[in-house]
Amino acid sequence: MSYQCPLCQHPLTLDRHTWRCENQHQFDQAKEGYVNLLPVQHKRSKQPGDSADMMQARRNFLDAGHYQPLQQRVGDWLIQLFPDAPVNLLDIGCGEGYYTHHVASRLQARGVAQVYGLDVAKIAVRAGARRYRNVDFCVASSHRLPFSHHQFDAILRIYAPCKAAELARVVKPQGYVLTVSPGPRHLLQFKALIYQDVQLHDNTPEDMPGFTLVEQQQLCYAMTLNSEESAALLQMTPFAWRARPEVWGILATSERFDCETDFTLRLWQKND
C-alpha cells in the first residue's frame, strides 16, 4: 500500500525517485525521502503550516523531554491495540515526527508495521524525514488525505484537524482513530499571562460520524520550565499570536515558570 494521486485519486507508483499515476501526474521524492503531495491549487497560503521558528521551538521543547509522558502514553495505547499483528498507521499533523518516530519504533520492534507521517508544513516534514528513517513522510492536506480507501488500521491525530468523513474513508472497518486534544486546564498558567478572563478548554468530545467513542483518558502533570523552555513552549502554541511583548519579557526574565499539562486522549472505533 502506498500513496494515491492528490489530483486524480489514482494510485501512485514509485519509479526511481518519482511518484507517478496512470494519468502521468508526477511528484518527485526529495533527497531526504519524503514526497510533496500538496499541489499549489490545494494550498491556502504560500507556505502553509508552521514557520521555521515555530518548528525549531517545538523541536527544542520536545527534545528536552517535557512531553515524553504523552509520547509514552500514546505508544502504550497503540501497542495494546496491536500487540503482534501487522499494522498500517498514519499520523496526521505529524510535525517533525516526535510522536510518529516513537510509535513506529515500538510497533516495528514487535512486528511488521508501516507508519506514515503527514503534515502540511514542508519544513517540518523535511526535518522529520532527515532525522527519522523508519517513517514514510509526506507533505499533504489533512482534508484531502493522499491514501486509498480503507488503507489504515489506525490513525493518530494529535491536535490536527481532519473531517470525520475523510478519516472514515481511509480507516479499515473496525479500525481506530486515537485523538489527543487539550484538556480543561492545559497550560492554564500561560493563558493567565495573556487573557484577563481565563476560560477552561471545552472538553466536549467532537462530532465523529461513523465512529464510536470506546475509551477516554486524561493525562495531567506539572512542568517546571526555565526561561528558554517556557518561551519555546509559548512559541509552539496558538497563544503566541496573542502574547503581548511584556509576556515574552516575563518569560525571558523568569528563571522558573511552573505550569500544568492536561491532555485528553480519546479512542474512536469505526462502526463498519
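Scoring rules and cut-offs
Residues numbered from 1 in each chain as written. Predicted model: local features only at pLDDT ≥ 70, side-chain atom pairs only at ≥ 80, totals over all residues. Heavy atoms only, no water. Helix = DSSP H or I, 4+ residues; strand = E, 2+ residues; numbered from the N terminus. Buried < 20%, exposed > 50% of the residue type's maximum accessible area, 1.4 Å probe, protein only. Contact = heavy atoms within 4.5 Å. Areas by Shrake-Rupley, 256 points an atom, 1.4 Å probe, with all protein chains shown as cover. Lys, Arg positive; Asp, Glu negative; His and termini not counted. Charge placed at Lys NZ, Arg CZ, Asp CG, Glu CD. Core = buried A, V, L, I, M, F, W, Y, C linked by side-chain atoms within 4.5 Å. Phe/Tyr/Trp six-rings, centres within 6.5 Å; stacked < 30°, edge-to-face > 60°. Pairing = 2+ DSSP bridges. Axes fitted to C-alpha atoms, helices over the stretch in contact; angles between N-to-C directions. Domains from an automatic or database assignment. Buried area = accessible area lost by both parts, 1.4 Å probe. Salt bridge = Lys/Arg side-chain N within 4 Å of Asp/Glu carboxyl O. Polar contact = N/O pair within 3.5 Å; in protein donor to acceptor, adjacent residues only side chain to side chain. Nonpolar A, V, L, I, M, F, W, Y, C, P; charged D, E, K, R; others polar.

Within an unreviewed UniProt entry, the label attached to the chain reads Ribosomal RNA large subunit methyltransferase A, and the organism entered is Erwinia tasmaniensis.

A. Quick look at the overall build of the chain. Secondary structure assignment for the chain yields eight helices and 11 strands. Overall size of the chain, expressed as C-alpha extent along the three principal axes, is 60 × 40 × 35 Å. In the chain, which comprises 272 residues, the proportion classed as buried is 50%. Within the chain, contacts between residues separated by at least 24 positions form 69% of all contacts whose residues are at least 6 apart in sequence. About 13,100 Å² of surface is accessible on the chain, with carbon and sulfur atoms providing 50% of the total. Side chains of the chain give 28 positive and 28 negative charges; the mean places of these two sets differ by 6 Å.

B. Fine view of the nonpolar core. In terms of nonpolar packing, the biggest core is built from 53 residues, with Phe 61, Tyr 67, Val 74, Phe 190, Met 223 and Leu 233 touching the most fellow members. Setting aside chain neighbours within four positions, we find Phe 61 in contact with His 66, Tyr 67, Met 223, Leu 225, Glu 229, Ala 232, Leu 233 and Met 236. Phe 147, Ala 164, Val 177 and Trp 268 belong to the second-largest nonpolar core, a separate cluster that totals 30 residues.

C. Geometry of the packing of aromatic side chains. This structure, assessed with the given rule, holds 13 aromatic pairs. Centre to centre, the rings of Phe 147 and Phe 152 are 4.9 Å apart; their planes meet at 80 degrees, and the pair counts as edge-to-face. The exposure class of Phe 152 is buried, given its relative accessible area of 0%. A connected cluster of aromatic rings, assembled from ring pairs, spans Tyr 3, Trp 19, Tyr 116, Phe 147 and Phe 152.

D. Structural view of unusual backbone geometry. If you check the backbone angles, Gln 24 has positive phi at about 70 degrees while not being a glycine. Here Gln 24 is to be found in the loop between strand 2 (18-20) and strand 3 (26-28). Exposure remark for Gln 24: the relative accessible area of 52% places this residue in the exposed category. Despite not being glycine, Gln 174 shows a phi value in the positive range, around 70 degrees. Within the fold, Gln 174 resides in strand 9 (residues 171-182). We classify Gln 174 as partly exposed; its relative accessible area is 41%.

E. Looking closely at the sheet that holds strand 3. Across the sheet, which stays open at both edges, the three strands sit in the order 1-2-3 with antiparallel pairing between neighbours. A strand with exactly one partner marks an edge of an open sheet, and here the two such strands are strand 1 (13-15) and strand 3. Pairwise comparison of adjacent strand axes, ignoring direction, gives a mean angle of 30 degrees for this sheet. Direction of pairing for strand 2 relative to strand 3: antiparallel, over a ladder of three bridges. Bridge pairing in strand 3 links Trp 19 to Phe 27.

F. Looking closely at the domain arrangement of the chain. Looking at the assigned domains, one finds that the chain contains domain 1 (1-30) and domain 2 (35-40 + 48-86 + 140-270). A separation of 30 Å is found between the C-alpha centroids of domain 1 and domain 2. Taken together, the 10 residues of domain 1 in the interface contact 10 residues of domain 2. For the pair domain 1 and domain 2, the summed buried area comes to about 920 Å², and 69% of that belongs to carbon and sulfur atoms. Taken together, the connections running from domain 1 to domain 2 amount to zero salt bridges. Summed over the shared surface of domain 1 and domain 2, the number is three residue pairs in polar contact (both at pLDDT 80 or more). Looking at the side of domain 1 that touches domain 2, its residues break down into seven nonpolar, two polar and one charged.

G. Structural detail: the sheet that holds strand 8 (residues 152-158). Strand order in the open sheet formed by eight strands is 4-7-6-5-8-9-11-10, with mixed pairing between adjacent strands. The open sheet terminates on both sides in strands that have one partner only, identified here as strand 4 (35-36) and strand 10 (211-225). In the sheet, strand 5 (residues 87-92) pairs with strand 8 via four bridges, with the strands oriented parallel. Each residue of the ladder has a partner; that of Asp 91, found in strand 8, is Leu 156. Running over the sheet, helix 2 (residues 68-81) touches strand 5, strand 8, strand 9, strand 10 and strand 11 (257-270) and is turned about 155 degrees from strand 10.

H. Focus on the packing of helix 7 (residues 227-235) against helix 8 (residues 245-252). Remark: helix 7 packs on helix 8, axes separated minimally by 8 Å, with the N-to-C direction vectors making an angle of 145 degrees. Between helix 7 and helix 8, the contacting residues are Ser 227, Ser 230, Ala 231, Leu 234 and Gln 235 on the first element and Val 247, Trp 248, Leu 251 and Ala 252 on the second. Across the contact of helix 7 with helix 8, the residue classes break down as six nonpolar, three polar and no charged.

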